[in-house]
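If you want the building blocks of each chain, they are given just below.
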Amino acid sequence: MPEQNSQTTSANKIRIITQVLTTAVKLWLRAQVSQISELEVEIKASDRQLISGRIPSISIFATHAVYQGLLITQIKLIAENIRINIGSVLKGKPLRLLETVPVIGDLIVDEKDLNASLSSDLLSTALSDLLVKVLPTHYPQSQPISWQEIILENNQIILRGLRVTNSKTTPVEICLGLKLQSGHELQVVHIPIHPHQEDTLNNNREYNLDLGSDVDIQELTLIPGKLMCRGQINVNP
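Residues numbered from 1 in each chain as written. Predicted model: local features only at pLDDT ≥ 70, side-chain atom pairs only at ≥ 80, totals over all residues. Heavy atoms only, no water.

1. A short note on the pattern of salt bridges
So, step 1. Evaluation of the coordinates by the stated rule reveals five salt bridges.
So, step 2. Lys112 is the partner of Asp113 in a salt bridge, and the nearest nitrogen-oxygen pair spans 3.5 Å.
So, step 3. For Lys112, a relative accessible area of 54% corresponds to the exposed category.
So, step 4. Of the charged contacts in the structure, one is a salt bridge between Arg160 and Glu149, with a shortest N-O distance of 3.4 Å. Of the two residues, Arg160 sits in strand β6 (residues 156-164) while Glu149 sits in strand β5 (residues 145-153), which places them 11 residues apart along the sequence.
So, step 5. Arg160 gets classed as partly exposed once you look at its relative accessible area, which sits at 33%.
So, step 6. Of the residues examined, Glu149 reaches a relative accessible area of 30% and is grouped as partly exposed.
So, step 7. A single salt-bridge network, built from bridges that share partners, covers Glu149, Arg160 and Glu173. (Salt bridge = Lys/Arg side-chain N within 4 Å of Asp/Glu carboxyl O. Buried < 20%, exposed > 50% of the residue type's maximum accessible area, 1.4 Å probe, protein only. Helix = DSSP H or I, 4+ residues; strand = E, 2+ residues; numbered from the N terminus.)

2. Quick word on the side chain of Ser120
So, step 1. Checked against the element boundaries, Ser120 lands in the loop between α4 (111-116) and α5 (121-134).
So, step 2. For Ser120, a relative accessible area of 5% gives the class buried.
So, step 3. At 3.2 Å, the side chain of Ser120 and the backbone nitrogen of Leu123 are in polar contact.
So, step 4. Apart from residues no more than four positions distant in its own chain, Ser120 is found in contact with Gln68, Gly69 and Leu70. (Polar contact = N/O pair within 3.5 Å; in protein donor to acceptor, adjacent residues only side chain to side chain. Contact = heavy atoms within 4.5 Å.)

3. Here we look at the pairing of strand β1 (residues 38-44)
So, step 1. Along β1, the buried face is formed by Leu39, Val41 and Ile43; none of Glu38, Glu40, Glu42 and Lys44, which line the opposite face, is buried.
So, step 2. Direction of pairing for β1 relative to strand β2 (residues 54-67): antiparallel, over a ladder of seven bridges. The partner of Lys44 across the bridge, within β2, is Ser57. (Pairing = 2+ DSSP bridges.)

Listed below in C-alpha cells is the structure:
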C-alpha cells in the first residue's frame, strides 16, 4: 500500500510538472507574437526526461498568429531535442532555451491575411528591399511605393501599389516569380505584365535571396490565394 501511494504521489508530481511546463511553453510562444487565435501544445517526454529538463519533442499548432505585424493563417510545428531551464520554470520564472532547437514546420498564409499585413514594417520593408534587387538600376527606386494589394497566383506574386510624387500618383503593378533554388535560397524573377515593360526592364531581372544557414525549406508552393511552406528552422537561445 505505501508503495502504491508513493507511485501515485510520483505520478501526481510529474503531471504537475507537465502542466507547469505546458503553460510555460504557451506563455513563451505568446510572448513571440502580438496576437494569436488558437494555440495547442503537446509535450512528448518521459518522467525522467521532464525532470532533467530534456524534451525529445513538442508539437505546436496555432492559427492567426501575428508576428511583427505579419499575419500567419496557420502553422504546425514540431520542435525536437529541447533543453530548457526546468528548475527555474518550476519556480515560476520564464522558460529559456539552453541550446539551439531544430523546428520542423508547415506554414500557410492566405492571400487575405497577407493583404491584412501590408501595413506592417516587416512586410513593406521586405518588398521594398526585394524590388531594389530585382528591378534594374535605372528604375526609379527613390520614389516610394504605397502597397495596396498582393495577389497570389501559381508560382507568382502580383504586387499592386501607388507611386506618389509631388505632382501625381502613378499606379504600379509588378509580377514576381518565386522558385525554390535550395533549402536556404529563393530565386525571384521579374515577369513583365505589360508588353511595353520588356524594353525598360531588360536587366537585373532575377535575384537569389539567401535566407541564411538556419533555414532549410523543403517545399514552397504558391497557388491562387494561398502560400504554403514546409521546412526546418533553427531557433537559437
